[in-house]
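# A look at the structure
Now for the letters of each chain:
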Amino acid sequence: MFVVLLTYVKPLPEVDRHMRAHMEFLAEHYAAKTFIASGRQVPRTGGVILARCESKDALVEIMQHDPFCRNGVATFEVIQFRTSQHDPVFSPFADDETK
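So, here's what we can say about the structure. The shown structure was predicted, so the numbers you read here are calculated from the model rather than taken from an experiment.

## Observations regarding the packing of aromatic side chains
- If you walk through the whole model with that rule in mind, you get four aromatic pairs.
- When the ring of Phe25 is compared with that of Phe35, the centres are 5.8 Å apart and the planes differ by 65 degrees; the resulting orientation is edge-to-face. Of this pair, Phe25 sits in helix 2 (residues 19-31) while Phe35 sits in strand 2 (residues 35-40); the two residues are 10 residues apart in sequence, bridging distant segments of the chain. Both residues of the pair, Phe25 and Phe35, count as buried.
- Both rings, one in Tyr30 and one in Phe35, keep their centres 6.1 Å apart while their planes meet at 85 degrees; by these two values the pair is edge-to-face.
- Exposure remark for Tyr30: the relative accessible area of 30% places this residue in the partly exposed category.
- Phe35 gets classed as buried once you look at its relative accessible area, which sits at 3%.
- These aromatic residues form a ring-pair network of at least three members: Phe25, Tyr30 and Phe35.

## A few points about unusual backbone geometry
- The amide bond that connects Val42 to the next residue, Pro43, takes the cis arrangement and shows omega of 0 degrees.
- By secondary structure assignment, the location of Pro43 is in the loop between strand 2 and strand 3 (46-51).
- The backbone phi angle of Lys33 is positive, close to 65 degrees, even though this residue is not glycine.
- Along the chain, the position of Lys33 falls in the loop between helix 2 and strand 2.
- On the basis of relative accessible area, Lys33 is assigned to the exposed category, the value being 54%.

## Brief notes about helix 2
- Along its 13 residues, helix 2 runs 18 Å from first to last C-alpha, staying within 8% of the 18 Å computed at 1.5 Å per residue.
- Along helix 2, the residues classified as buried are Met19, His22, Phe25, Leu26 and His29. Axial view of helix 2: buried residues confined to an arc of 120 degrees, hence all on one face. Among the exposed residues of helix 2, those pointing more than 90 degrees away from its buried face are Arg20, Glu24, Glu28 and Ala31.
- Buried residues along helix 2 sit in contact with strand 1 (2-8), helix 1 (12-16), strand 2, strand 3, helix 3 (56-63) and helix 4 (67-70).
- Within two residues after helix 2, Lys33 carries a phi angle of roughly 65 degrees, on the positive side.

The rules behind each value
Residues numbered from 1 in each chain as written. Predicted model: local features only at pLDDT ≥ 70, side-chain atom pairs only at ≥ 80, totals over all residues. Heavy atoms only, no water. Phe/Tyr/Trp six-rings, centres within 6.5 Å; stacked < 30°, edge-to-face > 60°. Helix = DSSP H or I, 4+ residues; strand = E, 2+ residues; numbered from the N terminus. Buried < 20%, exposed > 50% of the residue type's maximum accessible area, 1.4 Å probe, protein only. Expected span 1.5 Å × (residues − 1). Arc of directions from axis to C-beta. Contact = heavy atoms within 4.5 Å.

Nothing here speaks to function; it is geometry throughout.
In structure tokens, the structure reads:
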């Protein structure tokens, strides 16, 4: 399981110019079952994506194609963690304990 932290490095009007392409990028990876949840940070200084992927390197590769990152309006950090506890409704997304 991964948390991706996006940090805006340009003013919001410049970020917003790339929002439509970013939303299309998110939709593509929701459809691929890579992204689980996403949203803006509060205050709006970046975003957060909860993801699952075969490896951290593979997710970094995906994130390098995010229009925000490609266009230099945001940077990202990928944090990997193993779910050790979760609400039962989260079971489909939790790490497989046998790995």
